[in-house]
Structure formats: structure tokens, C-alpha cells
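In case you want the letters, here they are:
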Amino acid sequence: MQRQAREREETWNSLTELRAQHTKLREECNKLAQERQRAEAAVREREVAWEGATKEQELTAEKLELDIVDLTTKVSDLNGVKERAEVAERLLEPYKKKTDEFAEAFAKEQVLRKRYHNQMQDMKGAIRVFARIRPQVAREAGDKVGVRKLDAFSMEVDDKRDVKQPAKNFNFDAIFDEHSTQEDVFADCRALVGSCVDGFNVTVFAYGQTGAGKTHTMYGSKDSPGLVPRAADELFEVVGRYSIDCQCRVICAMFELYRDELVDLLVTKTKGKPPPVLEVKKDSRGTVKVEGACEIEVHSPEELLKAIAVGQDRRHVASTKMNADSSRSHLIFIVTVEVTNNKTKQVSTGKLTLCDLAGSERLKKSEVTGEQLKEATSINKSLTALGDVIEALTKQAKHIPYRNHRLTQLLSDSLGGNAKTLMFVNCSPAFGNLEETGSALSYAARAKLIMNKVEKNSDSQEVARLKKVIQVMSNELEQARANSGSALPQLGDPEGNEEPDEPEEGGDEEEEEEDS
Ligand SMILES: Nc1ncnc2c1ncn2[C@@H]1O[C@H](COP(=O)(O)OP(=O)(O)OP(=O)(O)O)[C@@H](O)[C@H]1O
């Protein structure tokens, strides 16, 4: 009985154990079944994706095949066009040659037209205006171009940002653009140097916004010399030709008009001795002279270039937002050429005035402060005075306000005077400067209307000698008057009542009127 009970218990225990094992196995079986389900779902998903990709590839392949067919048709069409173009080109060959010939003839004709036009303007005494559009500089990178040369005589200023504003056209005696070299520019000015040696007064001045290229045009750089150094070489070329039967003397002087003060750039400063006072005067012919200036006689282009370099080094320049090397003064270089004919003893005296004006600037744009602000204000004031003189001359006003500023006094024989005058109007091509460019061009267009009374400065040797004596005596008298206060009478007025020939600031209505 006991044995039976023990066997039953053992059997029960192994049954319980078997049951536990069975439960565990069922759980594992369930787990495996779930994993299998997940794996089957993933496989199905991949199969669907693969089928989709295959379909897409099939569609792309079909499209590519269609594209290939299309491109093949186009290539064969293009081959047909190319063949026809080649045939047309062969047919056009003789016409192209003719067109090139016409273009060349047109260019030659334009050069001649410009030359004859300039000679005619010269004879009429008209002030000539050459416009020069400089290439865009690094500062303007990314800005659009709004100033274009149209042909040898015309240009346009087109503000495409303002669709309502039509392009403005300007006509001048020559237009130079970003492709024009310093050589091209000088080729159109060369004859003026000859005129100076011939005994005429000649003025070339550059006007324009700050950074527009005035100094580049007038002086240039070592690698790309501008008009002044080229004129120095040309002058001695011409003098060399004259020297066969004439005695020639070349004398130069250089000043800057800095903040309304005339500064001699060639004078050697002596310690403790103030530099001589410079005065702007006019001789009997109306030629402007700067009295008290240091004049240097030069005998070769090298000596002349050395004098130029000395003066340029002493000029006031500064860096502004608009130009890294901005000229802060008006630079005036004067070369006088005295030619005495060995046979006739006739003396002719020509004066070449080369003037690099300081640039007009918007004070907000150039962001100058302190001393530079004072410089800019003074520059703008002088250019306004110059504008007033131009305005008065073009309106043929009775009174021309030359005496309102030293700059206008200095240029009084060049504007409405006895000189052959050439004005450069320099401009930037960039959109950012269109407003300033437009006003500089309008300023220059007005100047183009001015007529000078050009005549040769020629005297017999005796008259020339006497004029020099008078000049020396006048200077001595002025000196004596300066030393003894106002005790001595003024020249030409025994009573000593005449106004001294000093510039008057601010355009006083009371000032002495000058003949237009
Ligand atoms: N035709 C040109 N070709 C190449 N570079 C030019 C030309 N004109 C001007 N530049 C360059 O543009 C910059 C400004 O020119 P420049 O100093 O002559 O201007 P500016 O009118 O004399 O200015 P500012 O009135 O401030 O003295 C310079 O770096 C100059 O080298």
C-alpha cells in the first residue's frame, strides 16, 4: 500500500514536471511563430518595394529610350541645319569681307570726322569736352553698368531700375570707354601740345565725381602714364623741331589749391622764411599768371617729369570710402613755352595749363569726418563756383563771377578767355554712381557751349622785352608797396584808390564786374 502511494507520488511529480516542460515548449513555440510572422511580413514588404523600384526603373528606361529617339532626330535635324549654315556661311563669305571693309572704313571715317570736328571747334574757339567712362573697379564688383558709349560722339546713361525714366543721351567731342587706352586718349590731345609751342594758351582740365578717373587720365601710373607725362615727351619733340630756327625756353610751375589756399609745390622751403605769397593776376592779353610762383626752366622731358614728380609727391591725398588715393586739392601744372624766331625775332609765348581738379563728392557717401570733411566741403564749394561761372558764360551773362573763387580766377582764361580749352568729364559706369555721373555729364554739356576768343601770343622781340621790363617793374613796385604798407599808390591809379586784385569770397554783388 505504501509502495503504491510512493509510486503514485513519483508518477505525479514526473507528470507535473512534464507539464511544466510542455508549457515552456509551447511558449517558445509561440515566440518562434511570432518571429516567423514578423520575418514573413518584412519579406513581403521588401518584395513590394523591390517590385516598385523595378517598375520605376522600367519606366525610366522606357523614357530614356524615347529621349534617345528624340535626341537622335534632333541631332540629325541639327546636322541638316549645320550643313545649311555652312552653305550660308560660304555664300556670305564675300559679304562678310565687304562688311569688315565697311567697318574699317567707318572707323577711319570716324577718326577723320573727329579730327575735322575738333579742328573746327578749335577754329571757332569752342571748349571741347571729352567724356571718359572708366572700367568698373573692385569696389563696384557686382554693381550693374548703366553708362555706355554709343559711338565716337555719343553716350547714354540708362537707369534700368527706373523703368519710367528713359535713357539720357549726351553728345561730346569724343567719348572714351573702358576699352580706350591712355594712348588712345592722348592721340586726340596731341595737337594741343603743338598749339602751345605755336604760342597759344592751352588748358586741359579733368572734372568728375571723386574716384571717377581724373588723376588716372591726367597723370596715370608708371605702367600706364597719362596725359601729363605724355604731353611732357611730346612738348620736347615739338620743341626739338622748332629749335632748328628758333630759340625755345620751357618753364614750369606747379600749384595746388588746397582748402582755398594756393600752395606752390615746386618751391624749396627755407627754415624760418615763409613761402612767397602767390597771387593770381592777368596780363594785358588776358592770360592768367600766378605771381610769386617758383618757376623752373627745364631742358628735357626728364627734367620736366622730375618737376612733375616732385610736385605730385607734395600734393594732398587721402583715402576715402570712394577712392583709396583721393586727391584733396586741385592740382595745376603750368608749362610756359617761349619761342624766339632767329630770323624775324618774333617772340611767341604759349602756356599749357594742365589741371587735375579734386572730385566732387556726396559727404554722406564718402563718409568723411574731421579734416577730410572740411577738405570735401571746400572742394564742393570751389566746384560750385566753377559751375556758376560756366552757367553765367553759357547764358552770356554780363557779369561772370570769376572772382568768387581762386579756382575760377585761375581758370578765367580757359573758360570764356583766350585759351584753347579741353575738358575731360570722367565718370564711373556703375549704377551706384548714376546720379553723380548724370550731373557731371550735364555740367560738362553746359561747358561745351562756351566759346573762347583764341589768339596767338606773339610780339616782336622789342615788345616782348619791354613787356618783361614792365612785369619786373610791376613786381618790384608791388613788393615795395607790400613792404611799406599802403603808402605807395596802386598800379595804374595815381590816387591809390583802386581795389586790390584779391579774390572775394561769397560772390559779393559789389565786386568789380568782368567782361563776358
Ligand atoms: N581708365 C581707367 N582704367 C583703369 N583704371 C582706372 C581708369 N580710370 C580710373 N581708374 C582707377 O580708378 C581708381 C580711381 O581713379 P582716380 O584716382 O584717377 O580718380 P579721381 O577722379 O582722380 O578721384 P579723386 O577725385 O578722389 O582724386 C584708381 O584706382 C584708378 O587706377
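Predicted model only: the values in this text are computed from it and were never measured. (Residues numbered from 1 in each chain as written. Predicted model: local features only at pLDDT ≥ 70, side-chain atom pairs only at ≥ 80, totals over all residues. Heavy atoms only, no water.)

Participant: Even after reading the chapter, I still don't get the overall build of the chain, so can you show me in this structure?
Facilitator: Scanning the chain from N- to C-terminus turns up 11 helices and 17 strands. Across the 516 residues that make up the chain, the buried fraction comes to 40%. Here the analysis covers contacts within the chain between residues at least 6 apart in sequence; of these, 71% occur between residues at least 24 apart. By element, 54% of the accessible surface of the chain is carried by carbon and sulfur atoms, the whole surface being about 30,800 Å². (Helix = DSSP H or I, 4+ residues; strand = E, 2+ residues; numbered from the N terminus. Buried < 20%, exposed > 50% of the residue type's maximum accessible area, 1.4 Å probe, protein only. Contact = heavy atoms within 4.5 Å. Areas by Shrake-Rupley, 256 points an atom, 1.4 Å probe, with all protein chains shown as cover.)

Participant: Explanation requested: the pairing of strand β14 (residues 330-341) in the structure shown.
Facilitator: Residues in a regular strand point their side chains to alternate faces of the sheet. Burial analysis of β14 places 11 of its 12 residues in the buried class, which makes it a mostly covered element. Sheet analysis places strand β7 (residues 246-258) next to β14, joined by 12 bridges and oriented antiparallel. Bridging from a neighbouring strand, Phe255 pairs with Ile332 of β14. Note: β14 against strand β15 (residues 346-356), 10 bridges, orientation antiparallel. Its bridge partner being in β15, Thr336 is matched across the sheet by Lys351. Hairpin remark: β14 followed by β15, antiparallel, with 4 residues in the connecting loop; positive phi at Lys345, about 60 degrees. (Pairing = 2+ DSSP bridges.)

Participant: I keep staring at the sheet that holds strand β2 (residues 147-149) and nothing clicks. Help me out?
Facilitator: What holds strands together in a sheet is hydrogen bonding between their backbones, with the strands either parallel or antiparallel. If you walk across this open sheet you meet the 3 strands as β2-β3-β4, and the pairing is antiparallel. Edge positions in the open sheet fall to β2 and β4 (168-171), since each of these has one partner strand only. Ignoring strand direction, the axes of neighbouring strands in this sheet form an average angle of 20 degrees. Examined bridge by bridge, strand β3 (residues 154-157) and β4 share 4 bridges and lie antiparallel to one another. Bridge pairing links Val157 to Lys168 in β4. (Axes fitted to C-alpha atoms, helices over the stretch in contact; angles between N-to-C directions.)

Participant: Looking at this structure, how should I read the packing of aromatic side chains?
Facilitator: In this description, an aromatic ring pair is defined by two values, namely the gap between the centres and the angle between the planes. Enumeration according to the criterion identifies 4 aromatic pairs in this entry. Both rings, one in Phe170 and one in Phe172, keep their centres 6.2 Å apart while their planes meet at 5 degrees; by these two values the pair is stacked. Assessed through its relative accessible area of 8%, Phe170 is described here as buried. Its relative accessible area of 2% is what places Phe172 among the buried residues. Consider the rings of Tyr207 and Tyr443, whose centres lie 4.1 Å apart with planes at 10 degrees: the pair is stacked. Of this pair, Tyr207 sits in strand β6 (residues 201-208) while Tyr443 sits in helix α10 (residues 434-447), and the two are 236 residues apart along the sequence. In this pair, the class of Tyr207 matches that of Tyr443, namely buried. In this structure an aromatic cluster arises from ring pairing among Phe130, Phe176 and Phe424. (Phe/Tyr/Trp six-rings, centres within 6.5 Å; stacked < 30°, edge-to-face > 60°.)

Participant: Honestly, a negative patch on the surface in this entry has me stumped. Any pointers?
Facilitator: On the surface, Glu83, Glu86, Glu89 and Glu93 cluster together into a negatively charged patch. By secondary structure assignment, the location of Glu89 is in helix α1 (residues 2-124). Among the residues examined, Glu89 registers a relative accessible area of 56% and is labelled exposed. (Patch = residues over 30% accessible without salt bridge, like charges linked within 9 Å, V, L, I, M, F, W, Y side chains within 5 Å. Salt bridge = Lys/Arg side-chain N within 4 Å of Asp/Glu carboxyl O. Lys, Arg positive; Asp, Glu negative; His and termini not counted. Charge placed at Lys NZ, Arg CZ, Asp CG, Glu CD.)

Participant: Please explain the UniProt feature "binding site: ATP" (unreviewed entry) in the chain as it appears in this structure.
Facilitator: Per the UniProt record, "binding site: ATP" (unreviewed entry) is annotated on Gly208, Gln209, Thr210, Gly211, Ala212, Gly213, Lys214 and Thr215. Counting through the fold element by element, Ala212 comes out in the loop between β6 and α4 (214-218). Classification of Ala212 as buried rests on a relative accessible area of 1%. The contact partners of Ala212, leaving out residues within four places of it in the chain, are Arg134, Asn426, Cys427 and Ser428. Examined against the element boundaries, Thr215 turns out to sit in helix α4. The contact partners of Thr215, leaving out residues within four places of it in the chain, are Gly220, Arg315, Ser327 and Asp356. (UniProt positions renumbered as here; feature names shortened; annotations may be inferred.)

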